[in-house]
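# Topology and contacts: notes
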Amino acid sequence: MRQAGGIMRMAAGAMCALGVLLASCAPRTPPEAMTPSPEPQYGGELNVATVYATLSALSWDPADWVWKQNHDTGAVRELLLSADLSKARSRGGPHAFTMDVFVPRDALRGELAESWEWEDPLTLVMRLRRGVFFPEKPGLMKRRELDAEDVVYSFDYVRASPRAQPTMMGFLDRVEARDSHTVVFHLRDYNNEWDYRLGYGYYNAILPREMAGADARDWRNVTGTGPFSVSRYVSASVQTYAANRDYWDSEEIAQKTYRLPFVDSVNYRIIKDEATLLSALRTGKLDIAEIVRWINVPQLKETTPELQWNRWLAPQGTLIALRVDRPPLDNRLVRRALNIAVNKQEIVRVYYGGEAEVMAFPQLPDFGPYFQPLGEMPASVQELFVYDPEKARQLLAEAGLPDGFELNIQVCSCTSDQMDLLPLIVSYWEKIGVRARIQPMEYAAFLSAMTTRTHAEAYIMNTGHVTPLSSLRKNFQTGQVWNPSQWSDPDFDRRIDEAFRMRNEADTIAAVRSMTAEIIDKAPYVWLPTPYLYTAWWPWVRNYGGEVRAGAVRPGPIYARIWIDHDMKRRMGFE
Amino acid sequence: MSITTTPATSPTSPRPVAAFIGRLIRTKPLGAVGGAVFLLFLFCGVFADLLAPYDLNDTDMARRLVGPGAAHLFGTDHLGRDVFSRILIGGQVSMIVAVSAATFATLISILIGVSSGYFGGPYDMVTQRAVDAWMTFPDLVLLIVVIAIIGPGMGQIVLVLGLLYGIGGSRIVRSAVIAMRSSMYVTAARSSGASDLYILWRHILPNIMPVVLVLFTTRVGAVILAEAGLSFLGLGVPPPAPTWGGMLSGSGRTYMYLGPWLALAPGLCLSVVVYAINVFGDALRDLLDPRMRGAR
Amino acid sequence: MRDYVLRRFLALVPTLIFASLIVFFAIRSIPGDIIDQMLAQNDLGSGQDRQTIEAALGLDKPVHEQYVRWLLSAVQGDLGSSLWTNTSVSSLIAERLPVTFELGLLALMVSISLAIPIGIYSAIRQDTMGDYLARSFSIIMLSIPGFWLGTLVMVFPSVWWRWSPELEYVGFFEDPLRNLSHMLPPAILLGLSLSAVTMRMTRTMMLEVLRQDYIRTARAKGLRESVVILRHALRNSLIPVVTLIGLQAPLLIGGAVVMEQIFAIPGMGLLLLEAVAQRDYPIISGIFLVVGLAVLLINLVVDLSYGFLDPRVRRQ
């Protein structure tokens, strides 16, 4: 028996030795080759494995209300508002621009809107930028300047769709064009997330009114005022965006102004397999890999030391939803016990190798003042994040369950991270007498269980943060699709709706903070740590620091500002 | 009046079995080794619970990704679980899935193949068209759709793989039955008024046993590989039950650098068992019926 | 002969209808339908939303009515459109089928070019060390899971030599070199495991043929060994090749999902996998119909060719 172990050890050792030997044959770049060129260069092809590298485009038609729209068309179609990338950390500013949706007020910039003001509490007037053009599109339209009618058309088109989400822009009554460059939004109700919901959100792309007669679902008809156009689409393989040399925007670098975009084309590479993606990165077939899991980072740093890195917190919470409509989970003590029984610090330290935060949901640290650090939270909230199986058992006893209880927990077999994590959590729970039965489900069945509310008592899932207030609404308001814990508190609902109407941001911040602390304390979910993600890119990718989104799932403006240092790339042997 | 007959190559009576094994060892040593290896793994699988030094889900984050050594024969995985124990239990799961699916498949093959081949006529035609329809689709494609319908799970995988290989293998059984149907013995039995059931039981079944046996052995190997492929696509036997395929395609691939033993152990076991069983099946086929060498 | 072909053709139709019927009903009974997925993107999904979307997609009608509608248009060549992207199913399939076909064809070519010579050699030198080695090699190739070999090929060269196979699919006639650099690595891996099967078939066939009377006669006539082999035996080795094509027809048309995933090949396998995950019913039905039809046709051609190749069959 021991000999078997010895043989195994020898084999593993031999493999490692062989690996090291062969790896040492790998070409290495001399540091001098990596000297950056002083001036931005135009041209070239940018190959990106985006954060959604495993997914093809779901739809090109805004009327389909598909969440991924801005990701696929956001480099072609522009919005009224977007993120001010000059405030990015890589350019000396305070913002990371790695959140999935939220753009803080001080990082906001008018994209197609030049300025805006409130005429009265329910009337928002936006003035459009001048000199912005839709390029010529044979069969669709001639080159012409953007005007207010296009904005009106875009909003009406999207809101009239049978698949529209009524609550997204429900506070908007109507949009009208006052003159060729003035758009007026008449609101039914004030909503302090108007900048997200009307400006930089999922469903605010500005289309030309000529789209009224065209097939909006054909990728060939996708056009906009943006820095790129869709030039090629091979589903499950690549999406190519070619530069629009008539684009209106420019970037100032070292006191000089440059027309955008720099590169000739951007390729979104669709790669379903992680090992393949990493190989492509290593060999320079990918210039940027927007998501690299932390497990792969040390090895990548070893084989490819030239890569540049950025670390960012995943803008999504990992949670176990506990159905508060099913005893004994209706008892707050039981839910708190389930939280306290999980050793979250150990998960951070050992399972994620230290690359995670214990608490980052429902507010994200990047939300700025909306986020209250754990250390400043009330004691009863902090208690939920301290491992104490004894106390957990006590709480269960208090709740009348001294011998524990059984429950089913559903997980999607598609997320390997959660499939791996779950046995660990189950073993923590076993120590306090809670016996959990793991039920893996296939992706669509898993999602469907949630939307039809037929899911099990416990349901482990990921969900995006969106914005500070919408995060509370989405996850905790009665009847919401993404509220699988079935949390229902009419008072809480009312306070959320009230918070949307607050005009003074300080008030909103205070409301969000107090509601967040309250809901974490009530523990409708088991709050699990949020891991860090890494973005990797080759050094010839310039004017870039790992920014991921400049609006709701929208990377377009970021790619427009990247230039490829061809000289460096050539010296490094990749061109 | 009964006519009993045992064709010369049937291994169904006791004394020829011993002689058969002797012949196997003498003339097909590789095949014999293959068979022995497979039996060894089967044995380990059956007694896995006794042999495993640690519990299957004994997580200990302090000992994660430890290399093979005295305390842990095959090292530990990313959750600190003993890989050797997981290999043993995984072997048990893989063996159960493989043997049950192969048995189920063989039974289906016999059922369809014998009935179709023996009775012939319109029943045969319809059945063969149905089998045709089934076989037009690539294995994995069918599996994906069916698993999506019935969900992942050990029982479901056995059912699906059994059905898949069973229907596919029925063709082979059917051609063997057709060959048997027109043999001397059967014609004689029929003309003396023996019932269909009797003929099936006494003549057909014993004579197709060689085919069936070889079919069974190849199916075991095929199922193990198919389950590995399904695990890769995320549709295999779900945790906490470990399978070799699952371990190889999951943590084996993720931790390829940090812990190569996570892939080496299940990968080797998988390949060795499939290899052994294939080699054994080959030897069996060569020995039992020289006429059968062309069959798959 | 013509009757036989006609009968087989006619038999195709009920087979396909039967299969498509089962698929149509089965996928709609999978837990988790497409509306649920679309609703899960919404902030608030109420009963009203569900019905509007269903009506917009044509899913509110009874299933059998949907099926008849689908069948009637399919017969006229219209396989419907994707429920998500509205792309026509036939255009999607037309895009992906050549890719899969090319992969399958290359794999077959690799497997045949390996298997035939090795199989013949194995038969001639039966039970020698060479025979054992050849057979062992082919069984080893069978025993290693495809995804593992694929991973090794994809990962280790990138670590050691900064080389990885091409990532992007480019049509063969557009840029043959790039196309092959993308398709050859997975084709070789597929071919290697296929070759095991073909090799055994070739070997068996050769062994049988070598024992035939007419070979003995040829030898007795004083013909050289090589001539005997080349002329008589080789011709008969076409049979396992053709058999292989028939057996692997599903692979040629339906795709090798595992290789497609690892080597980023936009083939039919991945199309189906994605369609099942997204519950895109028209695509699923369309794929099954096209694959079924193509495979059945290929099998028909294979069966017919037996008549020309194998004199024993011809006599029947």
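All values reported here derive from a predicted model rather than from experimental measurement.

## Focus on the overall build of chain A
Across its full length, chain A carries 17 helices and 25 strands. Dimensions of chain A, computed from the C-alpha atoms along their principal axes, are close to 75 × 65 × 40 Å. When the 575 residues of chain A are sorted by exposure, 65% land in the buried category. Across chain A, contacts joining residues at least 24 apart in sequence account for 73% of those joining residues at least 6 apart. As presented, chain A carries roughly 20,000 Å² of accessible surface, and 52% of it is formed by carbon and sulfur atoms. Across chain A, the mean location of the 65 positive side-chain charges is 3 Å away from that of the 72 negative side-chain charges.

## Side note on the state of the cysteines
Across all of its chains, the model carries one disulfide over all chains by this definition. One disulfide bridge connects cysteine 412 of chain A with cysteine 414 of chain A, the sulfur atoms lying 2.0 Å from each other. Residues cysteine 412 of chain A and cysteine 414 of chain A share a disulfide whose torsion about the S-S bond is about 125°; that sign makes it right-handed. Of all cysteine sulfurs, the one in cysteine 269 of chain B lies closest to cysteine 44 of chain B, which takes part in no disulfide; the gap is 9.0 Å. The class of cysteine 44 of chain B is partly exposed, set by a relative accessible area of 22%.

## Here's the deal with the sheet that holds strand 9 (residues 182-187) of chain A
Adjacent strands of a sheet form backbone hydrogen bonds with each other and so pair up, either parallel or antiparallel. Residues and elements named next belong to chain A. The strand order across the open sheet built from four strands is 4-5-9-8, with neighbouring strands paired in antiparallel fashion. In this open sheet, the two edge strands, each paired with only one partner strand, are strand 4 (113-120) and strand 8 (172-179). Strand-to-strand twist across the sheet, computed as the mean angle between neighbouring axes with direction ignored, equals 20°. Bridging between strand 8 and strand 9 involves six bridges; their strand directions are antiparallel. Paired with valine 175 across the bridge in strand 9 is phenylalanine 185. Packed onto the sheet, helix 3 (residues 148-159) meets strand 5 (123-128), strand 8 and strand 9 and runs at close to 160° relative to strand 8.

## Some remarks on unusual backbone geometry
Residues and elements named next belong to chain A. Of the consecutive residues leucine 260 and proline 261, the connecting peptide bond is found in the cis state with omega at -10°. When you line up the elements, proline 261 lands in the loop between strand 13 (256-259) and strand 14 (265-269). A cis geometry characterises the amide bond from phenylalanine 361 onward to proline 362, with omega recorded as 0°. Here proline 362 lies in the loop between strand 18 (356-357) and helix 9 (379-383). You will see that asparagine 543, though not glycine, has its phi angle at about 60°, which is positive. Looking at the element boundaries, asparagine 543 is found in the loop between strand 24 (541-542) and helix 16 (556-560).

## Some points on the pairing of strand 22 (residues 525-528) of chain A
All names here are of chain A. Residues of strand 22 alternate between two faces, with Tyr525 and Trp527 on one and Val526 and Leu528 on the opposite face, all of them buried. As paired strands, strand 17 (residues 316-322) and strand 22 are joined by four bridges and run antiparallel to one another. Its bridge partner being in strand 22, threonine 318 is matched across the sheet by leucine 528.

## Re the environment of valine 103 of chain A
Residue and element names in this part refer to chain A. By the secondary structure assignment, valine 103 is in the loop between strand 2 (81-83) and strand 3 (108-110). By relative accessible area, valine 103 is classed as buried at 2%. Measuring from C-alpha to C-alpha, the distance between valine 103 and valine 426 comes to 37 Å, with 323 residues separating the pair along the chain. Excluding residues within four positions of it along the chain, valine 103 makes contact with Ala83, Leu108, Tyr200 and Gly551.

## A look at the packing of helix 5 (residues 89-124) of chain C against helix 8 (residues 176-211) of chain C
Residues and elements named next belong to chain C. As a packed pair, helix 5 and helix 8 sit with axes 4 Å apart at the nearest point and diverge in direction by 35°. Like other packed secondary-structure pairs, helix 5 and helix 8 cross with a definite hand, here right-handed. Residue classes in the contact of helix 5 with helix 8 are distributed as 25 nonpolar, eight polar and two charged.

## Quick look at the environment of methionine 247 of chain B
All names here are of chain B. Examined against the element boundaries, methionine 247 turns out to sit in helix 10 (residues 244-249). In this structure the C-alpha to C-alpha distance between methionine 247 and arginine 129, which are 118 residues apart in sequence, comes to 39 Å. When near neighbours in sequence (up to four residues on either side) are disregarded, methionine 247 contacts Val83, Arg86, Ile87, Pro242, Gly252, Leu262 and Pro266.

## Topic: helix 12 (residues 443-451) of chain A
Here helix 12 of chain A lies mainly inside the structure; eight of its nine residues are buried. Within the sequence span of helix 12 of chain A, burial applies to Ala444, Ala445, Phe446, Leu447, Ser448, Ala449, Met450 and Thr451 of chain A. For helix 12 of chain A, the elements touching its buried residues are strand 19 (405-412), strand 20 (434-441) and strand 21 (458-464) of chain A together with helix 2 (34-39) and helix 13 (268-278) of chain C. Taken from the residues just after helix 12 of chain A, arginine 453 of chain A is the one with a positive phi, measuring 60°.

## Some details on helix 7 (residues 154-181) of chain B
Its 28 residues place the ends of helix 7 of chain B 38 Å apart at the C-alpha level, agreeing with the 40 Å of an ideal helix rising 1.5 Å per residue. The sharpest bend along helix 7 of chain B measures roughly 30° and falls at glycine 169 of chain B.

## Considering the packing of helix 13 (residues 468-476) of chain A against helix 15 (residues 505-522) of chain A
All names here are of chain A. It is the contact of helix 13 with helix 15, at a shortest axis distance of 10 Å, that shows an interaxial angle of 35°. For helix 13 against helix 15, the interelement crossing comes out left-handed. Only Thr508, Val512, Met515, Thr516 and Ile519 of helix 15 make contact with helix 13, whose side of the interface consists of Pro468, Leu469, Leu472 and Phe476. When grouped by side-chain class, the residues that make up the contact of helix 13 with helix 15 number seven nonpolar, two polar and no charged.

## Looking at the nonpolar core
Grouped together as the largest cluster of nonpolar side chains are 336 residues, with contacts concentrated most on Leu46, Leu80, Phe155, Phe185, Ile320, Trp429 and Trp527 of chain A. Taken domain by domain, the makeup of this core includes at least three residues from each of domain 1 (4-307 + 538-571) and domain 2 (316-531) of chain A. Setting aside its immediate chain neighbours within four residues, tryptophan 429 of chain A contacts Ile320, Leu338, Ala341, Val342, Leu407, Ile409, Val434, Ala436 and Val526 of chain A. Grouped together as the second largest cluster of nonpolar side chains are 17 residues, Val173, Val186, Ala189 and Ile208 of chain B included.

## Structural notes on the interface of chain A and chain C
In this assembly, 63 residues from chain A lie in contact with 49 residues from chain C. Of the roughly 4,700 Å² buried between chain A and chain C, counting both surfaces, carbon and sulfur atoms make up 54%. If you sort the residues of chain A by the area they bury against chain C, Leu58, Arg163 and Arg217 of chain A come out on top, with a joint share of 13%. In this structure, the connection of chain A to chain C is made through five salt bridges. Connecting chain A to chain C are 16 residue pairs in polar contact (both at pLDDT 80 or more). Those elements giving two or more residues to the side of chain A that touches chain C turn out to be helix 1 (2-24), strand 10 (228-234), helix 5 (274-282), helix 6 (297-303) and helix 12 of chain A. Per-element accounting of the side of chain A that touches chain C gives the leading share, six residues, to helix 12 of chain A. Residues that form the side of chain A that touches chain C fall into these classes: 29 nonpolar, 20 polar and 14 charged.

Thresholds, definitions, all that
Residues numbered from 1 in each chain as written. Chains lettered and ligands numbered in written order. Predicted model: local features only at pLDDT ≥ 70, side-chain atom pairs only at ≥ 80, totals over all residues. Heavy atoms only, no water. Helix = DSSP H or I, 4+ residues; strand = E, 2+ residues; numbered from the N terminus. Buried < 20%, exposed > 50% of the residue type's maximum accessible area, 1.4 Å probe, protein only. Contact = heavy atoms within 4.5 Å. Areas by Shrake-Rupley, 256 points an atom, 1.4 Å probe, with all protein chains shown as cover. Lys, Arg positive; Asp, Glu negative; His and termini not counted. Charge placed at Lys NZ, Arg CZ, Asp CG, Glu CD. Disulfide = S-S within 2.5 Å. Pairing = 2+ DSSP bridges. Axes fitted to C-alpha atoms, helices over the stretch in contact; angles between N-to-C directions. Left-handed = near helix turned anticlockwise from the far one by under 90°. Nonpolar A, V, L, I, M, F, W, Y, C, P; charged D, E, K, R; others polar. Expected span 1.5 Å × (residues − 1). Bend = angle between axes of the 7 residues up to and from the residue. Core = buried A, V, L, I, M, F, W, Y, C linked by side-chain atoms within 4.5 Å. Domains from an automatic or database assignment. Buried area = accessible area lost by both parts, 1.4 Å probe. Salt bridge = Lys/Arg side-chain N within 4 Å of Asp/Glu carboxyl O. Polar contact = N/O pair within 3.5 Å; in protein donor to acceptor, adjacent residues only side chain to side chain.

Spatial relationships are all this shows, so hold off on functional conclusions.
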